[in-house]
There are 2 protein chains.
Amino acid sequence: MNQDPILKPEVILEHAARYCAEHGSKLTTKRRQVLASLITSKKALSAYDLAEASRHGAEATLLPMSVYRILRFLQSIGLVHRLATANKYVACAHIACDHAHTTPQFLICKICSDVKEVGVANSIIDSIASAAETTGFRLLNDQLELECLCSECAVPELGA
Amino acid sequence: MNQDPILKPEVILEHAARYCAEHGSKLTTKRRQVLASLITSKKALSAYDLAEASRHGAEATLLPMSVYRILRFLQSIGLVHRLATANKYVACAHIACDHAHTTPQFLICKICSDVKEVGVANSIIDSIASAAETTGFRLLNDQLELECLCSECAVPELGA
DNA sequence: CCAAAAAATGTTACATTATATCATTGCGCA
DNA sequence: TGCGCAATGATATAATGTAACATTTTTTGG
Ligand SMILES: [Zn+2]
Ligand SMILES: [Zn+2]
Ligand SMILES: [Zn+2]
Ligand SMILES: [Zn+2]
């Protein structure tokens, strides 16, 4: 679970609605539905996963095209992150706090797609950025994605 | 250019052929052709880019499926790296040296796909790995990909 | 040298991820 | 009320990648 397990999804969604308002947009029913799926999922989900989920017990059925549009919106205001290495999406882990989080670092379980979002120490980002500048490149993206094994999926490896 | 510009492609390909032999395989004509395209390209290329390139002046025309297979082989012995964030491929920048390089860090120009492969200080990797372990994740991948602007593409931004 | 085995490649089909485009709906506001 | 914009529906298509089996080429053992 990427979110603080103490908080219920409804509480997080309330924060998200306020966050949308601050950006001059609204957390519509369908946007809320997509975000709720991501918040309650233990794993990163693909757009097609989300479209499929909308056909089981959700309020509305969503076509993939709509899911992509909604994901793009949620990303644009920082409520959702896209994991480029997995072609999947996760809810930001900091929706319910001040949300002024530092550079995110995503630990992505190679086996089960479980994702943990943690902050990267500024010292590390500074090191990386300065290493880039010595080669003439300017660092743009503030997101690290790391292939990992989560604690559960690592267990079978012990016997290997 | 990702490779040392002092070295001619043929020299690098000679090293690659020896490297293949050390792994019990051969640098066939088509594998050499794909690798040569990557070595001489200033940018990261997609599998379909490489298939397309094979239709212009190359010895043999390659279907995308063959390109994927060849790329997978070249990756498996470390001659090629896949950039997951860009869905593109680059030749390793260290084919002609001892090739015992440290964890690679790829600076990828968002605009033109120019790529620079540099080593990451072990201290940084250690910091990242230990940060992961405190959350129960074991770091697997030894590759960082960073979205950047190269020096050329950064220029227009000055007036923005 | 020849035949069997293994490696490499050809070929077709298909799966997954993502975007383009135009039509339609819903909703706030003059 | 109805205009205008944001949101969504619907269809088609592009881009990326894999599966499965056939064929060719190379290696190897007799
Ligand atoms: Zn976040
Ligand atoms: Zn796992
Ligand atoms: Zn390399
Ligand atoms: Zn550039």
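Worth saying up front: this structure is predicted, and the values here are computed from it rather than measured.

### Quick look at the packing of aromatic side chains
Residues and elements named next belong to chain A.
Here is step 1: Within the structure shown, the criterion is met by 2 aromatic pairs over all chains.
Here is step 2: When the centroid spacing of 6.2 Å and the interplanar angle of 75° are considered together, the rings of Tyr48 and Tyr68 count as edge-to-face. You can see Tyr48 sitting in helix α3 (residues 47-53) and its partner Tyr68 sitting in helix α4 (residues 64-76), a full 20 residues away along the chain.
Here is step 3: Residue Tyr48 is classed as exposed on the basis of its relative accessible area of 53%.
Here is step 4: Arg31 extends its terminal NZ or CZ atom over the ring of Phe73, reaching a point 3.6 Å from the ring centre.

### Description of the interface of chain A and chain B
Here is step 1: Contacts between the two partners involve 33 residues from chain A, matched on the other side by 31 residues from chain B.
Here is step 2: Summed over both partners, the interface of chain A with chain B comes to about 2700 Å²; 71% of that surface belongs to carbon and sulfur atoms.
Here is step 3: Sorting the residues of chain A by area buried against chain B places A:Phe137, A:Arg138 and A:Leu140 first, and these three jointly supply 23% of that buried surface.
Here is step 4: For the pair chain A and chain B, the number of links is 0 salt bridges.
Here is step 5: Listing elements by their share of the side of chain A that touches chain B, those giving two or more residues are β3 (104-109), β4 (115-119), α5 (122-133), β5 (138-139), β6 (144-149) and α6 (151-154) of chain A.
Here is step 6: Among the elements that take part in the side of chain A that touches chain B, β6(A) stands out by supplying 6 residues, more than any other.
Here is step 7: Per-class residue counts for the side of chain A that touches chain B are 19 nonpolar, 7 polar and 7 charged.
Here is step 8: In this sheet, strand β6 (residues 144-149) of chain B lies alongside β5(A) in antiparallel orientation, the contact comprising 2 bridges. Looking at β6(B), one finds that A:Leu139 is bridged to B:Cys148.

### Things to note about the coordination of the zinc ion (ligand 4)
Residue and element names in this part refer to chain B.
Here is step 1: Coordination sphere of the zinc ion (ligand 4), protein contribution only: Cys109 (SG), Cys112 (SG), Cys150 (SG) and Cys153 (SG), at 2.2 to 2.4 Å.
Here is step 2: Here the zinc ion (ligand 4) binds 4 donor atoms, and the angle range of 105 to 114° at the metal identifies the geometry as tetrahedral.
Here is step 3: Sequence positions of the donors to the zinc ion (ligand 4) reduce to the motif C-x2-C-x37-C-x2-C. Highlighted residues: Cys112 in the loop between β3 (104-109) and β4 (115-119) and Cys153 in helix α6 (residues 151-154), separated in sequence by 41 residues.
Here is step 4: In this structure Cys112 comes out as partly exposed when scored by relative accessible area, which is 23%.
Here is step 5: By relative accessible area, which is 16% here, Cys153 ends up buried.

Conventions we followed
Residues numbered from 1 in each chain as written. Chains lettered and ligands numbered in written order. Predicted model: local features only at pLDDT ≥ 70, side-chain atom pairs only at ≥ 80, totals over all residues. Heavy atoms only, no water. Phe/Tyr/Trp six-rings, centres within 6.5 Å; stacked < 30°, edge-to-face > 60°. Helix = DSSP H or I, 4+ residues; strand = E, 2+ residues; numbered from the N terminus. Buried < 20%, exposed > 50% of the residue type's maximum accessible area, 1.4 Å probe, protein only. Lys NZ or Arg CZ within 6 Å of the ring centre and 35° of its normal. Contact = heavy atoms within 4.5 Å. Buried area = accessible area lost by both parts, 1.4 Å probe. Salt bridge = Lys/Arg side-chain N within 4 Å of Asp/Glu carboxyl O. Nonpolar A, V, L, I, M, F, W, Y, C, P; charged D, E, K, R; others polar. Pairing = 2+ DSSP bridges. Donors = N, O, S within 2.8 Å, 3.2 Å for Na, K, Ca; no water. Tetrahedral: all angles 85-135°; square planar, octahedral: opposite > 155°, others 65-115°.

That's the geometry; what it means functionally is another story.
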